[in-house]
Amino acid sequence: MDPNPDQADLDGDSIGDVRDDDRDGDGLKNKCDKCPDDSAEPLDRKGCPVIP
Ligand SMILES: [Ca+2]
Ligand SMILES: [Ca+2]
(Lines give C-alpha, C1' and ligand atoms only; values in the text may rest on other atoms or scores of the structure.)
(Ligands and ions follow the chains in the order given, each with its own letter.)
Protein backbone atom coordinates (compact mmCIF):
# COMPACT_ATOMS: atom_id res chain seq x y z
CA MET A 1 0.00 0.00 0.00
CA ASP A 2 1.08 3.54 -0.69
CA PRO A 3 1.55 5.35 2.62
CA ASN A 4 0.92 8.64 0.86
CA PRO A 5 -1.96 8.00 -1.53
CA ASP A 6 -2.30 11.71 -2.28
CA GLN A 7 1.31 12.00 -3.34
CA ALA A 8 2.37 10.82 -6.71
CA ASP A 9 5.84 9.33 -6.81
CA LEU A 10 7.14 9.66 -10.31
CA ASP A 11 10.51 8.01 -9.83
CA GLY A 12 9.33 5.40 -7.34
CA ASP A 13 11.90 6.22 -4.66
CA SER A 14 9.27 6.33 -1.91
CA ILE A 15 9.59 10.11 -1.67
CA GLY A 16 6.35 11.72 -2.84
CA ASP A 17 6.71 14.20 -5.67
CA VAL A 18 5.70 17.04 -3.34
CA ARG A 19 8.75 16.45 -1.15
CA ASP A 20 11.09 14.95 -3.70
CA ASP A 21 13.65 17.50 -4.85
CA ASP A 22 14.39 15.29 -7.82
CA ARG A 23 10.98 14.14 -8.94
CA ASP A 24 11.98 12.25 -12.06
CA GLY A 25 15.00 10.66 -10.38
CA ASP A 26 17.49 11.58 -13.08
CA GLY A 27 19.95 12.98 -10.55
CA LEU A 28 19.28 16.63 -11.30
CA LYS A 29 17.37 18.72 -8.77
CA ASN A 30 13.98 19.96 -9.93
CA LYS A 31 15.07 23.60 -9.77
CA CYS A 32 17.93 22.87 -12.14
CA ASP A 33 16.16 20.28 -14.26
CA LYS A 34 14.99 21.46 -17.65
CA CYS A 35 12.25 18.88 -17.46
CA PRO A 36 11.81 18.01 -13.77
CA ASP A 37 9.01 15.58 -14.52
CA ASP A 38 10.65 13.78 -17.40
CA SER A 39 13.66 11.58 -16.74
CA ALA A 40 14.00 11.07 -20.47
CA GLU A 41 15.30 14.63 -20.72
CA PRO A 42 18.45 14.55 -18.57
CA LEU A 43 19.66 18.01 -19.50
CA ASP A 44 20.07 21.02 -17.27
CA ARG A 45 18.94 24.54 -18.08
CA LYS A 46 22.07 25.13 -20.12
CA GLY A 47 21.50 21.98 -22.13
CA CYS A 48 24.42 20.23 -20.53
CA PRO A 49 24.12 16.46 -20.27
CA VAL A 50 23.85 15.11 -16.76
CA ILE A 51 26.48 12.64 -15.70
CA PRO A 52 24.85 10.03 -13.45
CA1 LIG B 1 9.99 10.32 -5.78
CA1 LIG C 1 15.35 15.56 -12.07
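This one's a predicted model, so the numbers in the text were calculated from it and none came from an experiment.

J.: Lay out the coordination of the calcium ion (ligand 1) in plain terms, naming residues and giving numbers.
T.: Coordination of the calcium ion (ligand 1) by the protein involves D9 (OD), D11 (OD), D13 (OD), I15 (O) and D20 (OD), with metal-donor separations of 2.2 to 2.4 Å. Considered as a linear motif, the donors of the calcium ion (ligand 1) on their single chain read D-x1-D-x1-D-x1-I-x4-D. Taking relative accessible area as the criterion, D11 reaches 24% and is therefore assigned partly exposed. Assessed through its relative accessible area of 5%, D20 is described here as buried.

J.: How would you explain the pattern of salt bridges if you had to name every residue and give the values?
T.: Summed over the entire model, instances satisfying the criterion amount to 2 salt bridges. Where K29 meets D21, a salt bridge forms, and the shortest distance between an N and an O atom there is 2.8 Å. Under the relative-accessibility criterion, K29 is labelled partly exposed at 42%. Notably, a salt bridge pairs R23 with D37, separated by 2.5 Å at the nearest N-O pair.

Conventions adopted
Residues numbered from 1 in each chain as written. Chains lettered and ligands numbered in written order. Predicted model: local features only at pLDDT ≥ 70, side-chain atom pairs only at ≥ 80, totals over all residues. Heavy atoms only, no water. Donors = N, O, S within 2.8 Å, 3.2 Å for Na, K, Ca; no water. Buried < 20%, exposed > 50% of the residue type's maximum accessible area, 1.4 Å probe, protein only. Salt bridge = Lys/Arg side-chain N within 4 Å of Asp/Glu carboxyl O.

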